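Now for the letters of each chain:
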Amino acid sequence: MSSYRIMVIDDEKIVGDMARMALEQDGYEVETFLNAEPALARLHEEKFDVVVTDYKMKGIDGMEVLKTVRRLYPETKVIMITAFANLDAAIEALRADVHDFFPKPVKIKELKASIQRALGK
Amino acid sequence: MKVENNIILSNVFHIVLILLIGFFALQNLNLMLTKLRFVEIADDLNASFLELRISEKNYFLYRSSETLQEMRDQIDNSITLIDSAQNDIVRAIGQTNLDELRKYLRRYSAVFEEVRRSTMRDPRLESMLRTQGKRLREFSAATTKLERRRVNEIIENSKKVLFYSFWAVLLTAVMVSHFVSQKILRSLRLIEKLAKSISQGTYQKIEGTLPADEFGSVINAVNSMSEELKDREEELIQSKKLASLGILTAGVAHELTNPLNNISMIVQNYMEFYDYLNKANSLDLMQKIQGETERIEDIVKNLLDFSKPKEAVLGERDINETVRKALRLMQNTLDISNIDVKLFLQDGLPPVLIDEHQIQQVLVNLILNAVQAMEPGGRLTLASRRGKSGDNVKVDVSDTGKGIPPEFIPHLFDPFFSTKGVGGTGLGLSVSYGIIRNHKGNIKVDSKVGAGTTFTIELPVPEKGKEEIADEQLQDHGNR
């Protein structure tokens, strides 16, 4: 069976690098993007099992990524991380059926656990 | 003296004055009445005496005993009349004159009795009777005339007194009310001045001795109110400053979150993969951590630079670079507030001679104002351009906020004037104004309620810069 595919979108390069480092260890296939446009283009080509995206980004933001993914692949889970830990954003994301919502700094173990839940493991 | 007391006193004064005049008029009326009653009696007496003298003449002509009896009756009538009206007569002409009258009447009566008793004509007695009769009549007539004249005098006097007292009352009324109203107006003017100073935020106090009346108490109360307001305003400014600082630091705190998260994720992975990492990998991770700590250091330094007051250090700067720096400082605040930013920075602007830190502070102030004027989703536009005459450079900071009512525009750069309620210090714009004026520049505002506000900073281009522009323009012409 092929491994699960995970997409990470964050305009902080280190976030993608570190997520890749941690998730590849568990056997996931990881692709990272610094902004949403190429990520969405990639999503149109291929389905991912989990999308981890930053909430606030220049250009297309996390909310739009979430909505696009929901439209394209209803079974794909979206996990949102944000440096702006504000309640309104969290409520908006929950309404749009986000799988999980993490404020920065992110605990990698929690992120991994959340991804496992998303995959029904 | 209290105003209330003043008014009471002047009223009492006028009442007493009017009472005195009334009392005097009553006295005069009473006197006049007495005199008039006497004149009535005297008229009767005079008539009686006249009849007596007619009878006397008749007697001397016809010698009738009936006439004698008539005369006796007339004398007795007169005596009865005088006796019955004795009191009135005494009041009018006094006891002495009454006694005199009685004396004349007695003498006449006595001579009359002698005439009646004498059996033959006695020319001496007749002449005496005539003389006495004449005297009696003359005295009575003279007294009556005198009393009539007195009545006239009293009426004249009363008229005069009433006339003068009317003017006296009028004059004192005018004087007293003028005095009282002057006193009130003087105090009111003091209070007006005080209230004006409070509304202008200068919080003056009225010094010196205060009037010892109700207005003194009012001024005293307003004075202490002014003092209280001044204290409160100082507290308010302090808390507003903290609120403003809060908005700025919220942005900075969020800016710190990203490098903090990066370090945290690197450290978590470093610990997780500790056994598998070779030297190069470890070094790479540590260098990344170092990079992120430098990023934090920059943010903190920037904030410290901004908050620390410094002496103006002028240098030739590219204004566009300053605008970008200010925007970077505010980027997170703008992100949190979900404000869209548009930059229109003209290329090839001549350098301006500025203290970059101060101009950056002005721009941050203007951006902060713009953010606070807008709802989330608003648009902030920063534009730089060359002034029409070429001797200055302009920077516009525009928002799509609620705009400033025209009546506030003239006060916008006054210290402590704020349209933000609790949100603003009212210091930002006045400080900005001071900084721009120190740069020999200008700051202008153009606002439309409901549409937005544009603040424009104009900074002069130093002489050298102007020459460059002139050269460029020459070249432009040459190229065409």
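Residues numbered from 1 in each chain as written. Chains lettered and ligands numbered in written order. Predicted model: local features only at pLDDT ≥ 70, side-chain atom pairs only at ≥ 80, totals over all residues.

Caption draft 1: Broad picture of the overall build of chain A. If you tally the helices and strands in chain A, you get five helices and five strands. Reading chain A from its N terminus to its C terminus gives the helix and strand order β-α-β-α-β-α-β-α-β-α. Residues classed as buried in chain A amount to 40% of the 121 residues present. Considering only contacts within chain A whose residues lie at least 6 apart along the sequence, 59% involve residues at least 24 apart. (Helix = DSSP H or I, 4+ residues; strand = E, 2+ residues; numbered from the N terminus. Buried ≥ 20, exposed ≤ 12 C-beta atoms within 10 Å, placed from the backbone. Contact = placed C-beta atoms within 7 Å.)

Caption draft 2: Region of the structure containing the overall build of chain B. When helices and strands are counted, chain B shows 10 helices and seven strands. Counting only residues that meet the buried cut, chain B has 22% of its 480 residues in that class. The long-range share in chain B, meaning contacts at least 24 apart out of those at least 6 apart in sequence, stands at 74%.

Caption draft 3: Just the nonpolar core, in detail. One finds Ile6, Met18, Ala19, Val50, Val51, Val52 and Met80 of chain A to be the most contacted residues of the largest nonpolar core, which totals 41 residues. In terms of residues, this core owes the most to one element, helix H1 (residues 13-25) of chain A, which gives seven residues. Setting aside chain neighbours within four positions, we find valine 52 of chain A in contact with Ile6, Val8, Ala19, Ile79 and Ile81 of chain A. Ile319, Leu382, Ile435 and Leu459 of chain B belong to the second largest nonpolar core, which has 32 residues in total. (Core = buried A, V, L, I, M, F, W, Y, C linked by C-beta atoms within 7 Å.)

Caption draft 4: Representation of the interface of chain A and chain B. At the interface, 13 residues of chain A touch 15 residues of chain B. In terms of residue count, the dominant contributor to the side of chain A that touches chain B is H1 of chain A (five residues).

Caption draft 5: Here's a closer look at the pairing of strand S5 (residues 392-399) of chain B. Residue and element names in this part refer to chain B. The buried fraction of S5 is high, at seven of eight residues. In terms of strand pairing, strand S4 (residues 379-386) meets S5 through six bridges, oriented antiparallel. Within the sheet, the bridge partner assigned to arginine 386 lies in S5 and is valine 393. Connecting S4 to the next strand, S5, in antiparallel fashion are five residues, including glycine 390 with a positive phi near 85°. The sheet contact formed by S5 and strand S7 (residues 452-460) spans eight bridges and is antiparallel. The residue bridging lysine 394 from the neighbouring strand is glutamate 458, located in S7. (Pairing = 2+ DSSP bridges.)

Caption draft 6: Representation of the environment of threonine 143 of chain B in the model. Residues and elements named next belong to chain B. Within the element layout of this structure, threonine 143 appears in helix H4 (residues 123-199). A tally of 22 C-beta atoms within 10 Å means that threonine 143 is categorised as buried. Spatially, the C-alpha atom of threonine 143 lies 9.5 Å from that of leucine 101, the residues being 42 residues apart in sequence. Dropping the residues within four chain positions of it, threonine 143 is found in contact with Ala42, Ile93 and Asn97.

Caption draft 7: Just the environment of arginine 107 of chain B, in detail. Along the chain, the position of arginine 107 of chain B falls in helix H3 (residues 86-117). Remark: the alpha-carbon pair of arginine 107 of chain B and glycine 133 of chain B, spanning 26 residues in sequence, is separated by 9.1 Å.

Caption draft 8: Quick look at H3 of chain B. Residues and elements named next belong to chain B. With 32 residues, H3 should reach 46 Å at 1.5 Å per residue; the first-to-last C-alpha distance of 30 Å falls well below that figure. Where H3 bends most, the angle comes to about 110°, and this point is isoleucine 93. Along H3, the residues that are buried comprise Ile89, Ala92, Ile93, Leu101, Leu105, Tyr108 and Phe112. Those residues of H3 that are buried are in contact with helix H1 (3-62), helix H2 (65-84) and H4. (Expected span 1.5 Å × (residues − 1). Bend = angle between axes of the 7 residues up to and from the residue.)

Caption draft 9: Structural view of helix H2 (residues 36-45) of chain A. Residues and elements named next belong to chain A. Along H2, the residues classified as buried are Ala36, Ala39 and Leu43. Taken down its axis, H2 places every buried residue within 60° of arc, on the same side. With respect to the buried face of H2, the exposed residues turned more than 90 degrees away are Pro38, Ala41, His44 and Glu45. Lining the buried residues of H2 we find strand S1 (5-9), strand S2 (29-33) and helix H3 (62-72). (Arc of directions from axis to C-beta.)

Caption draft 10: Expanded view of the packing of H1 of chain B against H2 of chain B. All names here are of chain B. One can describe the packing of H1 onto H2 by two numbers: an axis separation of 9 Å at closest approach and a directional angle of 165°. Accordingly, the angle class assigned to the pair H1 and H2 is roughly antiparallel. For the pair H1 and H2, the crossing hand works out as left-handed. The residues of H2 that touch H1, namely those facing Ile41, Asp44, Leu45, Ser48, Phe49, Glu51, Leu52, Ser55, Glu56, Asn58, Tyr59 and Tyr62, are Thr67, Leu68, Glu70, Met71, Gln74, Ile75, Asn77, Ser78 and Leu81. (Axes fitted to C-alpha atoms, helices over the stretch in contact; angles between N-to-C directions. Parallel < 35°, antiparallel > 145°, perpendicular 65-115°, else oblique. Left-handed = near helix turned anticlockwise from the far one by under 90°.)

Caption draft 11: Spotlight on the confidence of the model for chain B. Residues and elements named next belong to chain B. Per-residue pLDDT for chain B has a mean of 83; in total, 88% of the residues score no lower than 70. Note on residues 421-426: pLDDT under 50 across the span, and 16 contacts to partners over four residues away in sequence or across chains. Overall, residues 473-480 carries pLDDT values under 50, and its contacts beyond four positions in sequence, including any with other chains, amount to zero contacts. Prediction confidence for the complex, expressed as pTM and ipTM, is 0.46 and 0.94 respectively. (pLDDT = per-residue confidence, 0-100.)

Caption draft 12: Highlighting the sheet that holds S7 of chain B. Residues and elements named next belong to chain B. Across the sheet, five strands lie side by side as S2-S4-S5-S7-S6; this open sheet has mixed pairing. Of all the strands in the sheet, just strand S2 (340-345) and strand S6 (442-448) have a single pairing partner and so form its edges. Each adjacent strand pair in this sheet contributes to an overall mean axis angle of 15°, direction not counted. The strands that helix H7 (residues 319-336) touches are S2, S4, S5 and S7; relative to S4, the one it contacts most, it runs at about 175°. Across the sheet, helix H8 (residues 356-373) lies against S4, S5 and S7, angled at about 25° from S5, the strand it touches most.

Caption draft 13: Representation of unusual backbone geometry within the structure. A cis amide bond links lysine 104 of chain A with the next residue in sequence, proline 105 of chain A, at an omega value of 0°. When you line up the elements, proline 105 of chain A lands in the loop between strand S5 (100-103) and helix H5 (108-118). Backbone geometry places aspartate 97 of chain A, a non-glycine residue, at a positive phi of 65°. You will see that asparagine 338 of chain B, though not glycine, has its phi angle at about 55°, which is positive. Turning to its location among the elements, asparagine 338 of chain B is positioned in the loop between H7 and S2.

Caption draft 14: Quick look at the sheet that holds S2 of chain A. All names here are of chain A. In space, the five strands of this open sheet follow the order S2-S1-S3-S4-S5, with parallel pairing throughout. Two strands lie at the open edges of the sheet, namely S2 and S5, each paired on one side alone. Averaged over all neighbouring strand pairs, the angle between strand axes comes to 15°, with direction disregarded. Taken together, the four bridges between strand S4 (residues 77-82) and S5 define a ladder with parallel strand orientation. Within S5, the position partnered with isoleucine 81 by the bridge is phenylalanine 102. Lying on the sheet, H1 is in contact with S1, S2 and strand S3 (50-54); it crosses S2 at an angle near 175°. Here H3 sits on the sheet in contact with S1, S3 and S4, set at roughly 160° to S3.

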